[in-house]
Amino acid sequence: MKPRALGWGALAGVLLLAPMIAIMYLADKLLHLSFPPFDVFDWIARILPGPVITFGIDLMIDVLRFLGLSVADTAKTAEQAIAILIFLVGGMAFTIVVFILVGRWERLGIWPLRGLVIGAIAGIPIALITANIAQSSVHPVWIFMWTLFLFLTWGAVAVRTAIGVLIGRQPGAAMPEVAMDETASVQVLGRRQFLIRMGATAATITVAGASIGQLLSASENRAREDELASMQTQMPGSGPMIELPNEDDPVKPALGTRPEYTAVRDHYKVFIRSQPTMIDGASWNLPITGLVETPTTFTLDNIMAFYEPRSEFVTLTCISNRIGGSLISTTHWTGASLQDILADVKPTSDARYLFITSGDGFYETVDLDLIANDERIMLAYAWDGRPIPFDHGFPLRIWLPDRYGMKQPKWITGIEVIGEYKPGYWVERNWDEVARIKTTSVIDTVAVEATITEGDQTLVPIGGIAFAGVRGISKVEVQIDGAGPWREAQLRRPLSEATWVIWRYNWPLSEGDHSFEVRCVEADGTPQIVERDPPRPSGATGLHSKRAQV
Ligand SMILES: Nc1nc2c(c(=O)[nH]1)N[C@H]1C(S)=C(S)[C@@H](COP(=O)(O)O)O[C@H]1N2
Ligand SMILES: [Mo]
């Protein structure tokens, strides 16, 4: 009995879960009823202990790199695929359990009720999680009821299917005379037809639901982009075309060096949930409360109108970035100085920190002393002269010079001024409390296809980036084949004190297979840390190297 229950249960599980997932997706896109596979995944990610979640992320990054995929581009898609897969496999397991149970039932008369009970057992916890964690304008009660309804339906249909497949008859009819394992050929035929019909229905619903959902999602994204574009006109500061201040610099990037100014659509993305958090700009506001003399609730217009806009070219990087990794990007930020804002809300004498909360459940603490000493710290509302994209924290995010991204909440929804330190989201998960950026240098290219001739010498441009937060880069050096002198590269004037530096070194060509290694020095003479350390817990250190066939 068991092997049959297992095989048929697994098959029926897929045939039931695939359309169910498609319907949930469609309902989310159509009525914002949330998507339980992502919610369950996000919930698991939130409750898992830090080391486990880091292990999971590391494993995923290793697999993506092994497959030759860019982590920055594919990590979220991979995460979403894993979330759906977990849901599917979980649902299959539940369906197998249903098949095993039904195989043991002696009386079938009460099957509909039992189906509902099974559906409720599986569905109530999931509906609770979804209703709790969903980021939707729809009231959680509706989300709970909808999710539960789907599971009740699943329970009833799963039981019905198990009876149809395992026992091969209508549940209402009398018990068959033949024993279940000597099923007559008529019944086998019936079962086959039953499964074909079920398979066809499942495929139709899945494809239809997924494609309509896709269409809705695309048109919703377009509407959102239009909304941002219309806000564009009210943005203070820079227009859409940012002028780069170092256009005239004589040091040009070697062919194949990453763009010095990252196109916003190519900016790396990191966030704790499976999907970016969508905030409605019109109804959003920012309460600043707690230990302040003048608690104030700002709107986006207030912040843009009341405070002198400040802009800066900023390189942002993630503490999880590996040596030479893709979680680092540069764009132009505009916002209001937190010093200016705090001058108006007036923290009291026992105020020590800002506790910043975000629309996705993220939070982080910022020391008021840090803000008092650095007028550059801003609440930013524009990137590249446009409202911050949804994925990157619309409508407001903080910028802290010299700190990894994990200290800098996006999608800010509240700021409480507090007297006692509270660890932030990643700090609670054992990452560094300060998260000061570790100096790094990377070889982007050994441009063997773009050699230059100088007299009788052929030179191969080698180039890349070096970044030290806001501490500046004074020197970049390259070593060939792990021996000999370190040769000094040329440095291009950076876009600002807060961005990476583009370097290049014209290497006198020598044929063969070579390895190249790079290191750099900060403005004050501090050399880049050579010892290899993984990203966790304080950011990766070690030198980057590249091989090339010349
Ligand atoms: N609300 C919120 N803010 C957040 C995060 C997040 O998950 N939620 N991730 C942080 C991390 S770890 C990084 S590296 C940066 C990434 O910003 P980006 O996605 O715009 O590049 O955002 C930070 N701010
Ligand atoms: Mo990060």
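Calculation rules
Residues numbered from 1 in each chain as written. Chains lettered and ligands numbered in written order. Predicted model: local features only at pLDDT ≥ 70, side-chain atom pairs only at ≥ 80, totals over all residues. Heavy atoms only, no water. Near = heavy atom within 4 Å. Polar contact = N/O pair within 3.5 Å; in protein donor to acceptor, adjacent residues only side chain to side chain. Areas by Shrake-Rupley, 256 points an atom, 1.4 Å probe, with all protein chains shown as cover. Nonpolar A, V, L, I, M, F, W, Y, C, P; charged D, E, K, R; others polar. Domains from an automatic or database assignment. Contact = heavy atoms within 4.5 Å. Buried area = accessible area lost by both parts, 1.4 Å probe. Salt bridge = Lys/Arg side-chain N within 4 Å of Asp/Glu carboxyl O. Helix = DSSP H or I, 4+ residues; strand = E, 2+ residues; numbered from the N terminus. Pairing = 2+ DSSP bridges. Buried < 20%, exposed > 50% of the residue type's maximum accessible area, 1.4 Å probe, protein only. Lys, Arg positive; Asp, Glu negative; His and termini not counted. Patch = residues over 30% accessible without salt bridge, like charges linked within 9 Å, V, L, I, M, F, W, Y side chains within 5 Å. Axes fitted to C-alpha atoms, helices over the stretch in contact; angles between N-to-C directions. Parallel < 35°, antiparallel > 145°, perpendicular 65-115°, else oblique. Left-handed = near helix turned anticlockwise from the far one by under 90°.

> What am I meant to see in the site of ligand 1 here?
Ligand 1 sits among 21 residues. The nearest are Y268, D360, H392, R397 and K410. A distance of 2.7 Å is found between an oxygen atom of ligand 1 and a side-chain nitrogen or oxygen belonging to R397. Between ligand 1 and the protein, one listed contact pairs a nitrogen atom with a backbone N or O atom of Q408 at 2.9 Å. Contact with the protein chains covers 99% of the free accessible surface of ligand 1, which is 540 Å². Taken together, the residues of the shell around ligand 1 sort by class into 12 nonpolar, five polar and four charged.

> Explain the domain arrangement of the protein here, please?
Reports often express the size of an interface as the amount of accessible area lost when the parts come together. The domain architecture assigned to the protein consists of domain 1 (2-222), domain 2 (264-418) and domain 3 (440-549). Taken over C-alpha atoms, the centre of domain 2 sits 32 Å from the centre of domain 3. Counting residues at the interface gives 19 residues for domain 2 and 23 residues for domain 3. Both faces considered, domain 2 and domain 3 share a buried interface measuring about 1500 Å² in area, 66% of it formed by carbon and sulfur atoms. There are two salt bridges connecting domain 2 and domain 3. Taken together, the connections running from domain 2 to domain 3 amount to seven residue pairs in polar contact (both at pLDDT 80 or more). Secondary structure elements with two or more residues in the side of domain 2 that touches domain 3: strand 3 (309-317) and strand 4 (328-337).

> Explain the pairing of strand 1 (residues 286-290) here, please?
Successive side chains on a regular strand alternate, one facing one side of the sheet and the next facing the other. Pairing between strand 1 and strand 2 (residues 296-298): three bridges, direction antiparallel. Across the sheet, the residue bridging to L286 is F298, located in strand 2. Judged from the three bridges that link them, strand 1 and strand 10 (residues 412-418) form a sheet pairing that is parallel. Paired with I288 across the strands is I415, a residue of strand 10.

> Teacher, can you tell me more about the side chain of K29 here?
With respect to the element layout, K29 can be found in helix 1 (residues 2-31). Here K29 is buried and forms no salt bridge, its nearest opposite-charge partner D28 lying at an N-O distance of 4.2 Å. With sequence-adjacent residues up to four places away left out, K29 is seen in contact with G213, L216, S217, E220 and Q275.

> I keep staring at the sheet that holds strand 19 (residues 544-549) and nothing clicks. Help me out?
The strands making up a sheet associate through hydrogen bonds between their backbones, and the pairing can be parallel or antiparallel. The sheet built from four strands is open, its strands ordered 15-14-18-19 with antiparallel pairing. Two strands close off the open sheet at either side, each with one partner strand: strand 15 (487-488) and strand 19. Across six bridges, strand 18 (residues 513-522) lies against strand 19 in antiparallel orientation. Bridging across to strand 19, S515 finds its partner in R547.

> Explain a nonpolar patch on the surface to me, please; I cannot follow it from the model alone.
There is a patch of nonpolar side chains on the surface, built from F55, L59, V63, F66, L67 and L69 and spanning about 660 Å² of accessible area. By secondary structure assignment, the location of L69 is in the loop between helix 3 (50-66) and helix 4 (71-104).

> Just to check I follow, could you spell out the packing of helix 3 against helix 4 for this structure?
The description of two helices packed together rests on the angle between their axes and the distance between the axes. With their axes 10 Å apart at the nearest point, helix 3 and helix 4 run at an angle of 120° to one another. Between helix 3 and helix 4, the angle falls in the class oblique. By crossing handedness, the relation of helix 3 to helix 4 is classed as right-handed. Counted together, M60, I61, L64 and R65 of helix 3 and V71, T74, A75, A78, E79 and I82 of helix 4 form the full contact between these two elements. Within the contact of helix 3 with helix 4, the residues separate by chemical class into seven nonpolar, one polar and two charged.

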